Amino acid sequence: PNVVLHLKIPCRSLHISLTKSVRVVCLHGSILSENLWGYRVSSQRKSTDRTESAAILQALGESAARIPISSTKSLHGHLLGASGAIELAATIASMHRGKIAPTMGWQEPDDAITINVVKNVSQAANITHALSASYAFGGHNTVLAVSAPT
């Protein structure tokens, strides 16, 4: 659904859209595996981060606790139309290097965010599959799946 009630405040339709997008990508690509990494938008605004966390938990269920989730937006800023491309490039570079980029600037824990956020320091990992979620003002949502060559 692409129902927008406010351009910058996430609403229920964003939660539903992200949840469905992640589920469809995972099912279509058969990529729910031990070596999955998730890239999230992370505006570092409580309302958006909470919406993302809830959508990831609902989409991935119990698997969400073990899947590392991060965002590089705090490193490069918001690039508007170029954000999705830069974030996908960061995702692919992380897969190639075997290191999950951290979510920098994570200072205050939020009990409402229960996903496995990679905080402030990169993590070594053997990543074979990754999801890159992007969404923009006005209800434009995309989730891309990439896999390492076998």
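Numbering of residues starts from 1 in each chain and follows the order in which that chain's sequence is written. Whole-chain, interface and lining totals are the exception, using all residues; otherwise, since this is a predicted model, local features are given only for residues with pLDDT of at least 70 and side-chain atom pairs are given and counted only at 80 or more. In computing side-chain values, all of the structure's heavy atoms are included and hydrogens and water are not.

> So what exactly am I meant to see when it comes to unusual backbone geometry here?
Glycine aside, residues mostly have negative phi angles, and peptide bonds mostly take the trans form. Of note, Asn 120 is a non-glycine position whose phi angle comes to about 65°, a positive value. Only DSSP runs of H or I reaching four residues or more are called helices, and only runs of E reaching two or more are called strands; each is numbered from the N terminus. For Asn 120, the position within the fold is in the loop between strand 4 (116-117) and strand 5 (123-124). Overall, the relative accessible area of 29% leaves Asn 120 in the partly exposed class. Summary of the burial criterion: residues with accessible area below 20% of their type's maximum are buried, those above 50% are exposed, and those between are partly exposed, where the area comes from a 1.4 Å probe applied to protein chains only.

> What am I meant to see in the nonpolar core here?
Buried together is how nonpolar side chains tend to be arranged in soluble globular proteins. Among the buried residues, those of types Ala, Val, Leu, Ile, Met, Phe, Trp, Tyr and Cys that are joined through side-chain atoms within 4.5 Å form a nonpolar core. Counting 15 residues, the largest nonpolar core has Val 22, Ile 56, Leu 60, Ile 115 and Val 143 as its most contacted members. The set of elements that each furnish at least two residues to this core consists of helix 1 (12-29), helix 2 (46-60) and strand 6 (129-136). The dominant element in this core, judged by the number of residues it contributes, is helix 2, at three residues. In terms of nonpolar packing, the next biggest core, distinct from the first, is built from six residues, Met 95, Val 118, Ala 130 and Val 146 among them.

> Hey, could you run me through the pattern of salt bridges in this one?
In a structure, side chains of opposite charge can pair up when their charged atoms sit close to one another. A carboxyl oxygen of Asp or Glu within 4 Å of a side-chain nitrogen of Lys or Arg is what we treat as a salt bridge. According to the stated counting rule, one finds one salt bridge in the structure shown. In this structure, Arg 50 engages Asp 110 in a salt bridge whose closest nitrogen and oxygen atoms are separated by 2.9 Å. Taken together, the residues span a long stretch of sequence, with Arg 50 in helix 2 and Asp 110 in the loop between strand 3 (99-100) and strand 4 at a distance of 60 residues. Accessibility expressed as a relative area gives 37% for Arg 50, which makes it partly exposed.

> Even after reading the chapter, I still don't get helix 4 (residues 83-97), so can you show me in this structure?
Taking 1.5 Å of rise per residue, the 15 residues of helix 4 would be expected to cover 21 Å, and the 21 Å separating its terminal C-alpha atoms lies within 8% of that figure. Residues of helix 4 that are buried: Ser 83, Glu 87, Ala 90, Thr 91, Ser 94 and Met 95. On an axial view of helix 4, the arc spanned by its buried residues comes to 135°, and they lie on one face. Seen from the buried face of helix 4, the exposed residues on the opposite side, beyond 90 degrees, are Ala 85, His 96 and Arg 97. The first or second residue beyond helix 4 is Gly 98, which carries a positive phi of 70°. Expected helix span is computed as 1.5 Å times (number of residues minus one). Relevant arc is that of directions from the helix axis to the C-beta atoms, nothing else.

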